[in-house]
Amino acid sequence: MARILVVDDELSMREFLEIMLRKAGLDVATAKSGREAIGMVKAENFDLVISDIRMKDIDGLGVLRAVKDISPQTAVIMISAFATRETAVEAMREGAYDYIPKPFNVDEVKAIIENALNRRRVQVDREAVEKKDETTGFCGIIGQSRQMRRIFDLIRRVAGTRTNVYVSGESGTGKELVARAIHQLSDRKKEQFVTINCGGIPENLIESELFGYKKGAFTGAALNKQGLFEVAHRGTIFLDEVGELTPPLQVKLLRVIQEKTFKPVGDTNDIKVDIRFISATNKNLEQEVMKGNFREDFYYRLNVVQIHVPPLRERKEDVPLLADFFLNKYCGELGKDIHKLSSYAMKLLMEYNFPGNVRELENIIERGVALESSNIILPESLTLSVYKDRTPSKEEFSFDIPEEGIKLDDVMAKVERELILKALTMVHGSKQKAAELLGITLRSFRYRLEKCGLEEHLKD
């Protein structure tokens, strides 16, 4: 059970927060002053401290500094009726997890506390992994979700074998990282890991690139050239976007996989190689086989063991961990001193669908670091392609009129609801800005929110 300390010199606020947190199943202690709170933090361990910022003896910022000095791992949330951007930035600079203005919405506060405790648990897990492994993540792959832990276990089991592996998944999910992890954990790790982008080499050149050629094999072949298969001898070849290979090349690669031999272009002698093949594509190869675009025998030679990397939208619990990783990476590269993402910026990321997966998240964080002028990533610094490659929901509509006719009032209600949601998304939830986008008053906008059944957006 998480242990939480509530610090406030106002009795009613201490009691309110204590009751709320105990109902949520948390272990709560209270302190009526900053000095008392610091003494308690010295005496026992707390996962989270919630402190008012204005107190008589030692204010909330003093408590924050003391907590971070005594127990750096403890998360701290500041609350105040006198919230300004400057005090929020100062609190974040000192290491606060978040800053909540009074009066606050209970559900939002609960969500922030839950996120802070989840981040704390993830941090503890990550520190345990790093102490054990002395690496960041698993062979460079960041993730602690159930799906990723299962993939890590499968990588460990298959790495020590000679078996060919097929890595499937959408673009941007990290398929090459999985392939490299298999190579790093295998007995071939000291040999070459050769990546071949099957869709990036012109068709008229790919054969000579893979197999090499003898001098005089064709016009311009002035010297012998070693092919990538020969370069990868005793190592690993990663066939990226293998679904782009033409049927004639599939036949030639099938022979290499089966016989472990090949002929350079223009040569009559076979070269024998010892290669482990790992392939990947964002296409559904089973469907390509059924369509006749991909050879069935070639598919089964590649797909001895399959590792499917899930899209980021199916493992949202990895988003905070990945976001922190990319934040640290680009703060270092761009020379920025940014401590974290605000809770509302993180909320945007957690609600986003990530059509571009991990690669898109990395780009979003890089842009955010580049654009942010304070020491915390705020929502306005995030650029999300909200409607890119998005599957229409059941709430969306079309202007087609079926033969049996329509109910105009129902259609117009759907139009109004969809435009309101789009406006809110474009301005990151600001009702005032959304109303301005739609050319109506804030009062009218609130009325329409309630009318459209969007009461959750009425909460401040």
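Note that the coordinates shown come from a computational prediction; the quantities given were computed from them, not determined experimentally.

Calculation rules
Numbers given to residues run from 1 along each chain, matching the order in which its sequence is written. Since the coordinates come from a predicted model, pLDDT governs what is reported: local features require at least 70, and pairs of side-chain atoms require 80 or more to be given and counted, while whole-chain, interface and lining totals use all residues. To get the side-chain values, take all heavy atoms of the structure and skip hydrogens and water. Numbering of helices and strands runs from the N terminus; a helix is a DSSP stretch of H or I covering at least four residues, while a strand is a stretch of E covering at least two. For this analysis, residues touch if any pair of their heavy atoms sits within 4.5 Å. By salt bridge we mean one thing: a side-chain nitrogen of Lys or Arg within 4 Å of a carboxyl oxygen of Asp or Glu. Each residue gets one of three labels from its accessible area relative to the maximum for its type: buried under 20%, exposed over 50%, partly exposed in between, using a 1.4 Å probe on protein chains only. For every residue, the predictor assigns a confidence score, pLDDT, that lies between 0 and 100. Note on pairing: DSSP must find at least two bridges between two strands before they are called paired. By the criterion used throughout, a crossover qualifies as right-handed when its path from the first strand across the helix to the second strand runs clockwise, the strands pointing away from the viewer. This count recognises Lys and Arg as positive and Asp and Glu as negative, with His and chain-terminal groups excluded. The directions considered for the arc run from the helix axis to the C-beta atoms. What counts as an axis is a line fitted to C-alpha atoms, over the stretch in contact for a helix, and the angles between N-to-C directions run from 0 to 180 degrees. Every definition here rests on a 1 Å grid over the protein atoms only: cavities are sets of points where a 1.4 Å probe fits but cannot get out, pockets are open sets enclosed by protein on both sides within 12 Å along at least five of seven lines, and lining residues have some atom within 4 Å of a point. Grid points are joined across faces, edges and corners, and a volume is the space filled by probe spheres set on the points. Polar here means any residue other than Ala, Val, Leu, Ile, Met, Phe, Trp, Tyr, Cys and Pro, which are nonpolar, and Asp, Glu, Lys and Arg, which are charged; Gly is therefore polar.

Draft legend 1. The arrangement of the environment of glutamate 94 in detail. With respect to the secondary-structure elements, glutamate 94 resides in the loop between α4 (85-93) and β5 (98-101). Spatially, the C-alpha atoms of glutamate 94 and phenylalanine 138 are 31 Å apart, while their sequence positions differ by 44 residues. Ignoring any residue separated from it by four or fewer positions in sequence, one finds glutamate 94 in contact with Leu64, Arg65 and Lys68.

Draft legend 2. Fine view of the pattern of salt bridges. Tallying each qualifying case throughout the model produces 19 salt bridges. One salt bridge in this structure joins arginine 3 and glutamate 44, with 2.9 Å as the shortest N-O distance. One end of the pair, arginine 3, is in strand β1 (residues 3-7); the other, glutamate 44, is in the loop between α2 (34-43) and β3 (48-52), with 41 residues separating them in the sequence. Of the charged contacts in the structure, one is a salt bridge between glutamate 416 and arginine 448, with a shortest N-O distance of 2.6 Å. With glutamate 416 in helix α16 (residues 408-426) and arginine 448 in helix α18 (residues 442-451), this residue pair connects regions lying 32 residues apart in the sequence. The exposure class assigned to glutamate 416 is buried, which follows from its relative accessible area of 16%. Taken together, the shared-partner salt bridges in this structure form one network comprising Arg3, Asp27 and Glu44.

Draft legend 3. A look at the confidence of the model for the protein chain. For the protein chain, the average pLDDT comes to 85, and 90% of its residues sit at 70 or higher. Every residue in residues 129-135 is under pLDDT 50, and counting partners more than four places away or in other chains gives four contacts.

Draft legend 4. View of the pairing of β1. Taken across its five residues, β1 has five buried, putting it largely inside the fold. Alternating residues of β1 divide into Arg3, Leu5 and Val7 and Ile4 and Val6, and every residue in both groups is buried. Inspection of the sheet shows β1 paired to strand β2 (residues 27-31) by five bridges, in the parallel sense. Its bridge partner lying in β2, isoleucine 4 is registered against valine 28. Crossover β1 to β2 through helix α1 (residues 11-23) is right-handed. Summarising the sheet, β1 and β3 pair through four bridges and their orientation is parallel. Pairing of leucine 5 across the sheet is with valine 49, part of β3.

Draft legend 5. Geometry of the side chain of aspartate 267. Within the secondary structure layout, aspartate 267 lies in the loop between β11 (261-262) and β12 (271-272). For the buried residue aspartate 267, which engages in no salt bridge, the nearest side chain bearing the opposite charge is lysine 214, 4.3 Å off.

Draft legend 6. Structural context of α2. Listed in full, the buried residues belonging to α2 are Gly34, Ala37, Ile38, Met40 and Val41. Seen from one end, α2 has its buried residues packed into an arc of 160°, which puts them on one side. The exposed residues of α2 that point more than 90 degrees off its buried face are Arg35, Lys42 and Ala43.

Draft legend 7. Summary view of the sheet that holds β5. The five strands lie next to each other as β2-β1-β3-β4-β5, forming an open sheet whose pairing is parallel. Two strands bound the open sheet, and with one partner strand each, they are β2 and β5. Here the strands of the sheet are splayed against their neighbours by 20° on average, with no regard to which way each runs. α1 rests against β1, β2, β3 and β4 (75-80) of the sheet, and its axis sits at about 170° to β2.

Draft legend 8. View of unusual backbone geometry. With a phi angle near 60°, lysine 260 is a residue other than glycine that sits in the positive phi range. Note that lysine 260 resides in the loop between α10 (247-259) and β11. Here phenylalanine 354, not a glycine, exhibits a phi torsion of approximately 50°, which is positive. Inspection of the secondary structure assignment puts phenylalanine 354 in the loop between α14 (343-351) and α15 (357-371). Assessed through its relative accessible area of 0%, phenylalanine 354 is described here as buried.

Draft legend 9. The arrangement of empty space enclosed by the protein in detail. A full pass over the atoms with the stated rule returns one cavity of 30 Å³ or more. Of the pockets and cavities examined, the largest cavity occupies roughly 30 Å³. Leu17, Ile50, Ile77, Ile79, Ile100, Phe104, Val109 and Ile113 together form the lining of the largest cavity. Within the residue set of the lining of the largest cavity, elements represented by two or more residues are β4 and α5 (106-133). Here the lining of the largest cavity is built from residues that sort into eight nonpolar, no polar and no charged.

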